[in-house]
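Okay, here's what each chain looks like letter by letter:
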Amino acid sequence: MVTINERIERVTALVSGLRLASVDLESLYSNKNLTPLESVEVFLSEQQRLRTEKQTLIRRKRANLPSEKTLETFDFGFQRSVSREQMLRLYDMTWVEQAFNICFLGPPGIGKTHLALALAVQALNLGYAVAFTTLDELMVTLKTSQISTASKRRIKILNSAALVIIDEVGFMPLSTMEANLFFGFVSSMAEKTSLIITSNKGFDEWADFLGDATITTAILDRLIHHCEILNMTGNSYRLQHRKTITQY
């Protein structure tokens, strides 16, 4: 006669052989009087839960967010050039399905990246593939894509994402080659992937750091064709709420 422990070992071996997630069978079925069909349902439901949990962790790792932000932690009282209502309208993420873009424009320290990350977290929570990069990091990735395995892997993640965030656009000038790489990347995303851009430069200043009026026009033409533009103003939140050593 087969003991309960032997049966558990057999089932565990089958689970492993079928490459299913490991399940604590004793706790899963403890104190439950189930029919055979109900037992199968309980087991498959647990497998689905574990698979969803694993996929969520993988999406978050691939997103490479510097931190996770929410609208609840954003100070709309301090930053009044964008409203909670505006952001909540974007929070349903339906614009991602239509490959719309969002541009947060304004001086440093006013919350552009915070809001971009809040939307990225919401997209991840809803099951979208997300990827975050600064423009400087993107340039390094694109320039080394032919020689670096890590860069090739990162480009694959960027190309497969439904939403890509490009942070710190305009902080540093680009060379002619880099401007062309940026144009190529934006063109490859157009109409199929949503972009969130944060920039400390207004669009009328982009030619200054891109170095070429023609390529600037071409990039903006693809970027703002379907785009929500949020021009943010105000003082730096970090400077206004800075902490010093002597405060402690």
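Bear in mind the structure is a predicted one, so any value in this text is a computation, not a measurement.

Enquirer: For this particular structure, what's the right way to read the overall build of the protein?
Expert: Counting its secondary structure elements, the protein contains twelve helices and five strands. Within the span of the protein, comprising 248 residues, buried residues form 40% of the whole. Across the protein, contacts joining residues at least 24 apart in sequence account for 77% of those joining residues at least 6 apart. Here the protein displays about 15,000 Å² of accessible surface, and carbon together with sulfur accounts for 53% of that area.

Enquirer: Mind showing me how you'd approach helix 8 (residues 149-160) here?
Expert: Residues three or four positions apart in an α-helix share a direction because the helix packs 3.6 residues into each turn. For helix 8, with twelve residues, the first-to-last C-alpha span of 17 Å sits near the 16 Å given by 1.5 Å per residue. Considered for burial, the residues of helix 8 that qualify are S151, R154, I155, I157 and L158. Take helix 8 and look down its axis: the buried residues cluster within an arc of 160 degrees, on one side only. Among the exposed residues of helix 8, those pointing more than 90 degrees away from its buried face are T149, R153, K156 and S160. A distance of 3.3 Å separates the backbone nitrogen of A150 from a side-chain oxygen at the start of helix 8, and that oxygen is part of S148.

Enquirer: Just to check I follow, could you spell out the sheet that holds strand 5 (residues 227-231) for this structure?
Expert: The pairing of strands in a sheet comes from backbone hydrogen bonds and takes either a parallel or an antiparallel form. In space, the five strands of this open sheet follow the order 2-3-4-1-5, with parallel pairing throughout. With one partner strand each, in any of the chains shown, strand 2 (130-134) and strand 5 form the two edges of the open sheet. Geometrically, the sheet is characterised by an average inter-axis angle of 10 degrees between neighbouring strands, direction not taken into account. Summarising the sheet, strand 1 (residues 101-105) and strand 5 pair through five bridges and their orientation is parallel. Counterpart to F104 in the pairing with strand 5 is L230.

Enquirer: What's the story with helix 11 (residues 213-223) in this structure? I'm lost.
Expert: Taken together, the buried positions of helix 11 are occupied by I215, T216, A218, I219, L220 and L223. Residues of helix 11 that are buried sit in contact with strand 1, helix 9 (176-189), strand 4 (194-199), helix 10 (206-210) and strand 5. At the N-terminal boundary of helix 11, the capping side chain belongs to D212, with an oxygen 2.9 Å from the backbone nitrogen of T214.

Enquirer: Even after reading the chapter, I still don't get the environment of S187, so can you show me in this structure?
Expert: Note on placement: S187 falls in helix 9. Separated by 36 residues in the primary sequence, S187 and L223 have C-alpha atoms spaced 8.4 Å apart.

Enquirer: Explanation requested: unusual backbone geometry in the structure shown.
Expert: Backbone phi values are negative for most residues with the exception of glycine, while trans is the configuration of most peptide bonds. One non-glycine residue with positive phi stands out, namely M93, at about 65 degrees. Along the chain, M93 falls in the loop between helix 4 (84-90) and helix 5 (94-97). Located in the positive-phi region is A99, a residue other than glycine, with phi close to 55 degrees. Its location among the elements puts A99 in the loop between helix 5 and strand 1.

Enquirer: So what exactly am I meant to see when it comes to empty space enclosed by the protein here?
Expert: Sizing a probe to match a water molecule and rolling it over the atoms shows the empty space that remains. Tallied over the full model, the rule gives one cavity of 30 Å³ or more. The space that makes up the largest cavity amounts to roughly 50 Å³. Around the largest cavity, the lining residues are A99, N101, M189, A190, E191, T193, R222, H225 and H226. Its residues placed into classes, the lining of the largest cavity shows three nonpolar, four polar and two charged.

Enquirer: Help me understand the environment of T217 in this model?
Expert: Relative to the helices and strands, T217 is located in helix 11. Residue class for T217 comes out exposed when judged on its relative accessible area of 52%. Each C-alpha atom, one on T217 and one on W206, is 9.1 Å from the other, the two residues being eleven residues apart in sequence.

Enquirer: Whenever I open this one, the packing of aromatic side chains confuses me. Can you help?
Expert: As enumerated under the stated definition, the model contains three aromatic pairs in all. Ring geometry for F74 and F76: centres 4.8 Å apart, planes at 65 degrees, overall edge-to-face. For F76, a relative accessible area of 11% corresponds to the buried category. Clustering of aromatic rings is evident, with ring pairs tying together F203, W206 and F209.

Enquirer: What is the right way to look at the packing of helix 9 against helix 11 in this model?
Expert: A pair of packed helices can be characterised by two numbers: the angle between their axes and the separation between those axes. Between helix 9 and helix 11, the least distance of the axes is 9 Å, while the angle of their chain directions is 20 degrees. Our classification of the angle between helix 9 and helix 11 gives roughly parallel. Where helix 9 crosses over helix 11, the handedness of that crossing is left-handed. For the pair helix 9 and helix 11, contact is made by A179, N180, F182, F183, V186 and S187 and by I215, A218, I219, R222 and L223, respectively. Residue composition of the contact of helix 9 with helix 11, by class: eight nonpolar, two polar and one charged.

Scoring rules and cut-offs
Residues numbered from 1 in each chain as written. Predicted model: local features only at pLDDT ≥ 70, side-chain atom pairs only at ≥ 80, totals over all residues. Heavy atoms only, no water. Helix = DSSP H or I, 4+ residues; strand = E, 2+ residues; numbered from the N terminus. Buried < 20%, exposed > 50% of the residue type's maximum accessible area, 1.4 Å probe, protein only. Contact = heavy atoms within 4.5 Å. Areas by Shrake-Rupley, 256 points an atom, 1.4 Å probe, with all protein chains shown as cover. Expected span 1.5 Å × (residues − 1). Arc of directions from axis to C-beta. Polar contact = N/O pair within 3.5 Å; in protein donor to acceptor, adjacent residues only side chain to side chain. Pairing = 2+ DSSP bridges. Axes fitted to C-alpha atoms, helices over the stretch in contact; angles between N-to-C directions. 1 Å grid on protein atoms, 1.4 Å probe; cavity = no way out; pocket = protein on both sides within 12 Å on 5 of 7 lines; lining within 4 Å. Points joined across faces, edges and corners; volume = space filled by probe spheres on them. Nonpolar A, V, L, I, M, F, W, Y, C, P; charged D, E, K, R; others polar. Phe/Tyr/Trp six-rings, centres within 6.5 Å; stacked < 30°, edge-to-face > 60°. Parallel < 35°, antiparallel > 145°, perpendicular 65-115°, else oblique. Left-handed = near helix turned anticlockwise from the far one by under 90°.

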